[in-house]
Amino acid sequence: TEHLWCRYLPDPAAVPPRVAFAIGRAVGPAVVRNRLRRRLRALLGGLAATGALTSGWLLVGTTPGAPELTYDELAAEVRARLRRLGVAGGS
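Thresholds applied
- Residues numbered from 1 in each chain as written.
- Predicted model: local features only at pLDDT ≥ 70, side-chain atom pairs only at ≥ 80, totals over all residues.
- Heavy atoms only, no water.
- Helix = DSSP H or I, 4+ residues; strand = E, 2+ residues; numbered from the N terminus.
- Rg over C-alpha atoms; globule rule 2.2 N^0.38 Å.
- Buried < 20%, exposed > 50% of the residue type's maximum accessible area, 1.4 Å probe, protein only.
- Contact = heavy atoms within 4.5 Å.
- Areas by Shrake-Rupley, 256 points an atom, 1.4 Å probe, with all protein chains shown as cover.
- Pairing = 2+ DSSP bridges.
- Core = buried A, V, L, I, M, F, W, Y, C linked by side-chain atoms within 4.5 Å.
- 1 Å grid on protein atoms, 1.4 Å probe; cavity = no way out; pocket = protein on both sides within 12 Å on 5 of 7 lines; lining within 4 Å.
- Points joined across faces, edges and corners; volume = space filled by probe spheres on them.
- Nonpolar A, V, L, I, M, F, W, Y, C, P; charged D, E, K, R; others polar.

Participant: Where do I start with the overall build of the protein chain in this structure?
Facilitator: A count of helices and strands for the protein chain gives two helices and three strands. Secondary structure elements of the protein chain, listed N to C terminal, follow the sequence β-β-α-β-α. Over its C-alpha trace the protein chain gives a radius of gyration of 12 Å, about what one expects of a compact globule, namely 12 Å for 91 residues. Seen through its principal axes, the protein chain has C-alpha atoms that stretch 35 × 20 × 20 Å. In the protein chain, which comprises 91 residues, the share counted as buried stands at 35%. Taking contacts inside the protein chain between residues at least 6 apart in sequence as the whole, the part at least 24 apart equals 81%. Surface summary for the protein chain: the accessible area is close to 5,100 Å², and the carbon and sulfur share equals 58%.

Participant: What's the story with the pairing of strand β3 (residues 56-62) in this structure? I'm lost.
Facilitator: With five of its seven residues buried, β3 lies for the most part within the structure. When strand β1 (residues 4-10) meets β3, the two strands line up antiparallel, connected through seven bridges. Across the sheet, residue Leu9 finds its bridge partner in β3, namely Trp57. The pairing of strand β2 (residues 18-22) with β3 spans five bridges and is classified as parallel. Bridged to Arg18 within β3 is Trp57.

Participant: Just checking my understanding: could you explain the nonpolar core for this structure?
Facilitator: General note: in soluble globular proteins, nonpolar side chains tend to be found buried as a group. Counting residues in each nonpolar core, the largest one holds 21 residues, and the members touching the most others are Leu40, Leu44, Val78 and Leu82. For this core, the elements supplying multiple residues, two or more each, are β1, α1 (30-49), β3 and α2 (71-85). Residues in contact with Val78, not counting those within four places in the same chain, are Leu4, Leu40, Leu43, Leu44 and Leu47.

Participant: Could you clarify how one ought to interpret empty space enclosed by the protein in this entry?
Facilitator: Empty pockets left among the atoms are what a rolling probe the size of a water molecule brings to light. Summed over all chains, the structure comprises one cavity of 30 Å³ or more. Taken as a whole, the largest cavity holds about 30 Å³ of empty space. Forming the boundary of the largest cavity are Leu4, Cys6, Leu44, Val60, Val78 and Leu82. Mapped by element, the contributors of at least two residues to the lining of the largest cavity are β1 and α2. Taken together, the residues of the lining of the largest cavity sort by class into six nonpolar, no polar and no charged.

Okay, here's the thing in structure tokens:
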């Protein structure tokens, strides 16, 4: 997607799925990066809690345009990226 990138490593032992974030300084000051990290953590945590994420290790990175997205736009990009990787189900 335009504002996110992901790397995924399948690992059946990683239950729940392990997620890390790569949000560089180019995205903005610490306040902006931390807010974006919290939003992504909430989105991915919700998907993991419903069982929509497959087990494994996931690295999620953002581009400098990501902080301007609304929560719904960010959620749509997360779901699109995860579907493209084959990591998440429908919803």
